[in-house]
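# Observations on the three-dimensional arrangement
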Amino acid sequence: MVILVGNAISIFIMDITDSTKHNNGKELSAYLSFWENIINELGSRSESLTVRANYRMGDEIFLIADDYVTAYTVATYMYFLWKYPKNKPYFGISSGYINDPIEDIDLERWNHSIIKEARIANESIKNAKSRHQAIKVYVEGNEESKCKIEEKVINHILKLQHQLAEHQTQKQKEITGLYMLYGAQNTIASLLNKSKATISNQFSKGATSIILESIAQLQEILIFSQLSSDGFENKKLLEERLKDIQEELKLVLLKNIHILTEQYEIE
């Protein structure tokens, strides 16, 4: 088990687009509970990080986790594996330092400036006239400070990532999500009972490789941001922890693949 000194964390506040227009509120609530359980199972499995989620009243999921990169990583998997294309999720993300262990936090009552920052990012997406990103990072600080410059770079990449995803068909987005889980087009073709050529064509047209590269680049930036913020110098250790959390998340998601793929119909 890998243990870091200090409490560098990331959080997200997730909401859903047009949730009140969904034709089955109970079904949507059950799906949100499904994701809450996925995240908490991830937290119970992982030996290297603490991850907790709370499905709050309305259509909001709150996540708190060790490391600056974890909230973004989980949000990305959720976004590309999401079941309802007319009710897409969006995420306000923030990161920083806290004094208390995550295990001791009351998720219903905890109040911290990091939550305010994530809420600002979430509300910014919600209230925008045109949606330019589904994931947004916010950090409090002077506009010329290092953290604000990093924030601008991260959000610019997130906007580009979102534009690529928005130009995907639902089928192409689903293949992107499945590739994040399996990492092989042959496996996806077998799972969906389609030819490899069909999957490869959708993979190429959906710019999946570019999207995946942008995800990896953002994860690297967030790792460097944590290194510079808390003075922790073991980059390799943080990279190993990211690898561990992704592998654990994949295992939990693959165990529930029947729910994640029940709507897929790839032509």
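Structure's up top.
Presented here is a report on the structure given in the accompanying data block. (Residues numbered from 1 in each chain as written. Predicted model: local features only at pLDDT ≥ 70, side-chain atom pairs only at ≥ 80, totals over all residues. Heavy atoms only, no water.)

Okay, the pattern of salt bridges next. A side chain with one charge can pair with a side chain of the opposite charge if their charged atoms come near. Considering all chains together, one arrives at 11 salt bridges under this definition. For E60, the salt bridge goes to R119, with nearest N and O atoms at 2.7 Å. One end of the pair, E60, is in strand β3 (residues 60–66); the other, R119, is in helix α3 (residues 113–127), and 59 residues separate them in sequence. A relative accessible area of 10% means that E60 is categorised as buried. Where E150 meets K146, a salt bridge forms, and the shortest distance between an N and an O atom there is 2.4 Å. On the criterion of helical spacing, the pair formed by E150 and K146 is a turn pair, its members being four residues apart in helix α4 (residues 146–166). Relative accessible area serves as the criterion here: at 17%, E150 is assigned to the buried category. (Salt bridge = Lys/Arg side-chain N within 4 Å of Asp/Glu carboxyl O. Helix = DSSP H or I, 4+ residues; strand = E, 2+ residues; numbered from the N terminus. Buried < 20%, exposed > 50% of the residue type's maximum accessible area, 1.4 Å probe, protein only.)

All right, on to helix α1 (residues 25–45) then. End to end, α1 covers 30 Å across 21 residues, agreeing with the expected 30 Å (1.5 Å per residue, within 8%). Of the positions making up α1, those classed as buried are L28, Y31, L32, F34, W35, E36, I38, I39, L42 and G43. Buried-residue contacts for α1 involve β1 (8–16), β2 (51–56), β3, α2 (70–81), α9 (235–255) and α10 (257–260). (Expected span 1.5 Å × (residues − 1). Contact = heavy atoms within 4.5 Å.)

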